[in-house]
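Residues per chain are reported as follows:
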Amino acid sequence: MVELINKVLSQTDVECRLSFPTASLWAIPIPQGQNAVEFQATSAGNNQENWNFRLSVRSSNIDDKYKKPELTGDWLRFVREKSLRKGNKIILTMEVEANGVRHYNIGAQMKLMGSWIPIP
């Protein structure tokens, strides 16, 4: 399992879109000549709960060093259903099967008395 995001959420993350780390773009490849790709992630701890996300980069920055990737699609629905707030954390991981098929999992955590605990 590879951890792609382990991020404490900002106000923009919970109100608009999730800023996606450029260093993790390799794990969710955007097709050549396009600026976005859709993928599905399963909730950590609940394999019946699936989320359809859209990862995009700014069109003018496709070949640029500063792509400004962001996650949209079901992102705001995920935020609402998990009651996420600024200061909560999300973790996005990827597992790759022997045949190359990628599976993504997303989980949320909140800090309680100095420890991070999962948000169901």
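Bear in mind that the values here come from a model prediction, so they are computed numbers and not experimental data. (Residues numbered from 1 in each chain as written. Predicted model: local features only at pLDDT ≥ 70, side-chain atom pairs only at ≥ 80, totals over all residues. Heavy atoms only, no water.)

## A few points about the packing of aromatic side chains
Working step 1: For the structure shown, the criterion picks out 6 aromatic pairs.
Working step 2: Ring centres of Phe39 and Phe53 lie 5.9 Å apart, and the angle between their planes is 50°; this geometry places the pair in the tilted category. You can see Phe39 sitting in strand S3 (residues 36-43) and its partner Phe53 sitting in strand S4 (residues 46-56), a full 14 residues away along the chain. The two residues Phe39 and Phe53 agree in class, both being buried.
Working step 3: An aromatic cluster is built from Phe39, Trp51, Phe53, Trp75, Phe78 and Tyr104, whose rings are joined through pairwise contacts. (Phe/Tyr/Trp six-rings, centres within 6.5 Å; stacked < 30°, edge-to-face > 60°. Helix = DSSP H or I, 4+ residues; strand = E, 2+ residues; numbered from the N terminus. Buried < 20%, exposed > 50% of the residue type's maximum accessible area, 1.4 Å probe, protein only.)

## Considering the pattern of salt bridges
Working step 1: Counted by the stated rule, this structure contains 5 salt bridges.
Working step 2: For Glu81, the salt bridge is made with Arg77, and the minimal N-O distance between the two is 2.9 Å. Here Arg77 and Glu81 lie together in helix H2 (residues 75-81), a separation of 4 residues that amounts to about one turn.
Working step 3: Since its relative accessible area comes to 30%, Arg77 is described here as partly exposed.
Working step 4: One salt-bridge network, in which partners are shared between bridges, spans Asp74, Arg77 and Glu81. (Salt bridge = Lys/Arg side-chain N within 4 Å of Asp/Glu carboxyl O.)

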